[in-house]
Number of protein chains: 2
Amino acid sequence: MMRTRPLKVALLGCGVVGSEVARIMTTHADDLAARIGAPVELAGVAVRRPDKVREGIPGELITTDATALVKRGDIDVIVEVIGGVEPARTLITTAFEHGASVVSANKALLAQDGATLYEAADQHGRDLYFEAAVAGAIPLIRPLRESLAGDKINRVMGIVNGTTNFILDAMDTSGAGYSEALDEATALGYAEADPTADVEGFDAAAKAAILAGIAFHTRVRLDDVYREGMTEVTAADFASAKRMGCTIKLLAICERAADGESVTARVHPAMIPLSHPLASVREAYNAVFVEAEAAGRLMFYGPGAGGSPTASAVLGDLVAVCRNRLNEATGPGESAYTQLPVSPMGEVVTRYHISLDVADKPGVLAQVATVFAEHGVSIDTVRQQGKDGEASLVVVTHRAPDAALSGTVEALRKLDTVRGVASIMRVEGE
Amino acid sequence: MMRTRPLKVALLGCGVVGSEVARIMTTHADDLAARIGAPVELAGVAVRRPDKVREGIPGELITTDATALVKRGDIDVIVEVIGGVEPARTLITTAFEHGASVVSANKALLAQDGATLYEAADQHGRDLYFEAAVAGAIPLIRPLRESLAGDKINRVMGIVNGTTNFILDAMDTSGAGYSEALDEATALGYAEADPTADVEGFDAAAKAAILAGIAFHTRVRLDDVYREGMTEVTAADFASAKRMGCTIKLLAICERAADGESVTARVHPAMIPLSHPLASVREAYNAVFVEAEAAGRLMFYGPGAGGSPTASAVLGDLVAVCRNRLNEATGPGESAYTQLPVSPMGEVVTRYHISLDVADKPGVLAQVATVFAEHGVSIDTVRQQGKDGEASLVVVTHRAPDAALSGTVEALRKLDTVRGVASIMRVEGE
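In this text the structure is predicted, and so the values were computed from the model without any measurement. (Residues numbered from 1 in each chain as written. Chains lettered and ligands numbered in written order. Predicted model: local features only at pLDDT ≥ 70, side-chain atom pairs only at ≥ 80, totals over all residues. Heavy atoms only, no water.)

S.K.: Run through the overall build of chain A, naming residues and quoting values.
M.R.: Looking only at helices and strands, chain A has 14 helices and 17 strands in total. Along the longest, intermediate and shortest principal axes, the C-alpha atoms of chain A span 85 × 45 × 35 Å. Buried positions account for 58% of the 430 residues belonging to chain A. In chain A, the share of contacts with a sequence separation of at least 24, taken over all contacts with a separation of at least 6, comes to 73%. When the accessible surface of chain A is split by element, carbon and sulfur atoms take 48% of a total near 16700 Å². Measuring between centres, the 40 positive side-chain charges of chain A sit 2 Å from its 56 negative side-chain charges. (Helix = DSSP H or I, 4+ residues; strand = E, 2+ residues; numbered from the N terminus. Buried < 20%, exposed > 50% of the residue type's maximum accessible area, 1.4 Å probe, protein only. Contact = heavy atoms within 4.5 Å. Areas by Shrake-Rupley, 256 points an atom, 1.4 Å probe, with all protein chains shown as cover. Lys, Arg positive; Asp, Glu negative; His and termini not counted. Charge placed at Lys NZ, Arg CZ, Asp CG, Glu CD.)

The following block contains the structure:
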């Protein structure tokens, strides 16, 4: 029972992802039609540079007027792959006003102002799907929104940025420093010329906001996410991690508080045990670990970026949205009914690995231990190493609120016998 | 906008999974209502032993007459967790006839006669969801049916039976033999009193049939799946695997042929490299590795069995099916449009690891190598070890059709200089 009038799809953006979406729509047209129940037709492509040669896309479909395209009124689904907040937001809301459903890969916009998009979709009875916004090809948004819709998710912890994972993996494997590993990532095309969004954790923080909102059925915005980049991770940190049977990953961690009354979302480098499934995620791969009350511990793994993987996620959404159009139905919209507040980083319960340079004389450990005790932070292990009047002290704490832990570090800095705090790293995944 | 008339759900079966579904429906009623958009009400529970105490389930809901329950006509969703082919099949088709949608965890029935269920669902415009039938809580059916609906899946390879993975992991870790490891699994509750369905690969074969059908959009039945159990895997096999940098797993492998014109599905023990993501799946965990044209290599990992994990999958489906009822829509039904045939095992391209006991005299290797050449099988590596007139010869082949490989082994058995074939194991994941 195949409908013959095709569903019309328009692309906003035709870069690495958009051109791959267009290519697959053409080369796999029969499969897509069979799976949707109607053919899909590329009805327009909005681009910035109309003169660029775009293989396989008829010239008459190309336009520079994205606004006119979303206002056409005959488009069933808009695929937005231009990224950034504006003009994407206005184009998407305009698309909804003119009857289209939307598939987007725009993590920045969803993290900054997902609510506006959801509301516009809901108001006009249209779909907003965005599997490609987080962890590329890895099915993650749909499993969280749908497969686990009958469960209670307590934690989502993942490697959601391939660039930084490539750099950290290179540092771990070769013993290289940060800048050397960054150079390698840049040379191989894993890092952009300006790597700030990746290495400072902005990209991962946007994904954390999206994941936390979906996992906990509440609204979490980019500003709610605590963020630390990984530019200060050193070869010495990796050596310390190895001594503990750990490696270092840049993690996005979304957690429900123990009392269930609030949630947290954060991005920072952390030591995790080598036995943890996330520890063995190599190169630019992504992986997300989910803990749910009934399901237990799940992990989703795959390529987190790239034209083809991202296009796979976009096309999966496209098939679902097209089916919904044929059914005159919509998929699940925003679910933010819990309205759980987002707590600040100080309330997150975690562990610290602290390396101190201290004077090599009796009583230093007692002094340091007193500072921990005064802040209510319990010590798990201490390792002392001394030479020539200088010594280093490595302390790993038990779990405590981040505010108590960072307060401890501030107090340690003020001790006469502490020459400096060589490094601080959180320890997760235990 | 919450509808107040509740959706009525009936349970067929109230064992480990069913009772957990009932419990979560009660304890998480508000969350389920918010996510569905209407409350859900447990409207009946069909059991075999009505006298058993079932905490939290009102006695008046209990019935032994499952047929009357599915015929009631006021039930929105039937959750079938009794397992086995009959009476489950008749109950499910009757439920569709009387207007209910169905959530099932019944891998045996789906593998044996999924077509009948799909057709009944389609004829009556109702949903058939079965995430819980494969790999417990791991979201897998929905990602394959929906997230990857715009992609072309070429291979699904997984550990889909927790009992056998526990046994193999124990053998790998402790050097124990099969029966010792089985005893441990039984003592810890990971293996049933009669472990046949697990250790002989029947359970995994049912899951392979379901996965292959969905992945390749065709019909694959249990009888189409080649099956070898893992009862003959020995400690010596693990020692050989280690020497190759491998471990041994019972794998379910569904593949599209290189020419794209047919598919295969099989279950057997195989050596896989330690660097493969499936190699590190420990204890009773499940994991499924998926290779798709655009998405690349994905992996899904989690608990493959148990009351709570399976209930999580059932409830995720329940939420989706209830939403569809409210929308007066249905989710994706059967997709078997490719009608790709299933090829026999002989056509599967794989590699063999063969251990031979041979006479320790000159010329044996030449003789053995000639047999391989005559069957068109190319040798990757050979390792010879001799002592006291006896010797062993370990041959690892390059990729060849299974028929050529098994033909080679038959011919080797006939050589005078070959005293016996100590073991044969396929090598996968490279």
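S.K.: If you had to explain the interface of chain A and chain B to someone new, which residues and values would you point to?
M.R.: Listed per partner, the contact involves 46 residues of chain A and 46 residues of chain B. Contributing elements (two or more residues each) for the side of chain A that touches chain B: helix H2 (29-36), helix H6 (141-147), strand S12 (296-303) and helix H12 (307-327) of chain A. When residues in the side of chain A that touches chain B are grouped by element, the largest group, eight residues, is from H12 of chain A. In terms of residue class, the side of chain A that touches chain B is made up of 24 nonpolar, eleven polar and eleven charged. Inspection of the sheet shows S12 of chain A paired to strand S12 (residues 296-303) of chain B by three bridges, in the antiparallel sense. Counterpart to Tyr 301 of chain A in the pairing with S12 of chain B is Met 299 of chain B. (Nonpolar A, V, L, I, M, F, W, Y, C, P; charged D, E, K, R; others polar. Pairing = 2+ DSSP bridges.)

S.K.: So what's going on with the packing of helix H1 (residues 16-27) of chain B against helix H12 (residues 307-327) of chain B? Which residues, and what values?
M.R.: Residues and elements named next belong to chain B. At a minimum axis distance of 8 Å, the contact between H1 and H12 shows a crossing angle of 60°. Compared by their axis directions, H1 and H12 come out oblique. You can see that H1 and H12 cross each other, and the crossing is right-handed. Note on element contacts: H12 touches H1 through Gly 307, Ser 308, Thr 310, Ala 311, Val 314, Leu 315 and Leu 318, opposite Val 16, Val 17, Glu 20, Val 21, Ile 24 and Met 25. Looking at the contact of H1 with H12 residue by residue, the classes come out as nine nonpolar, three polar and one charged. (Axes fitted to C-alpha atoms, helices over the stretch in contact; angles between N-to-C directions. Parallel < 35°, antiparallel > 145°, perpendicular 65-115°, else oblique. Left-handed = near helix turned anticlockwise from the far one by under 90°.)

S.K.: Got a sec to walk through the sheet that holds strand S5 (residues 101-104) of chain A? Specific residues and values, please.
M.R.: Residues and elements named next belong to chain A. Strands sit in the order S3-S2-S1-S4-S5-S6 across an open sheet of six strands; the sheet is parallel. The open sheet has two edge strands with one neighbour each: strand S3 (62-63) and strand S6 (128-129). Pairing of strand S1 (residues 7-12) with strand S4 (residues 77-80), which is carried by four bridges, proceeds in the parallel orientation. Bridge pairing in S4 links Leu 11 to Val 79.

S.K.: Tell me about empty space enclosed by the protein, residues and numbers included.
M.R.: In this structure the tally under the stated criterion is two cavities of 30 Å³ or more. Approximately 50 Å³ is the volume found for the largest cavity. What lines the largest cavity is simply Tyr 129, Phe 130, Glu 131, Ile 141, Arg 142, Arg 145, Glu 146 and Asp 317 of chain A. Here the lining of the largest cavity gets four residues from one element, more than from any other, and that element is H6 of chain A. Of the residues belonging to the lining of the largest cavity, the class tally is three nonpolar, no polar and five charged. When residues of the lining of the largest cavity are sorted by domain, at least three fall in each of domain 1 (7-136 + 307-327) and domain 2 (141-303) of chain A. Within this model, the second largest cavity holds a volume of roughly 40 Å³. Lining the second largest cavity, in full, are Tyr 129, Phe 130, Glu 131, Ile 141, Arg 142, Arg 145, Glu 146 and Asp 317 of chain B. For the lining of the second largest cavity, the element with the most residues is helix H6 (residues 141-147) of chain B, which contributes four residues. (1 Å grid on protein atoms, 1.4 Å probe; cavity = no way out; pocket = protein on both sides within 12 Å on 5 of 7 lines; lining within 4 Å. Points joined across faces, edges and corners; volume = space filled by probe spheres on them. Domains from an automatic or database assignment.)

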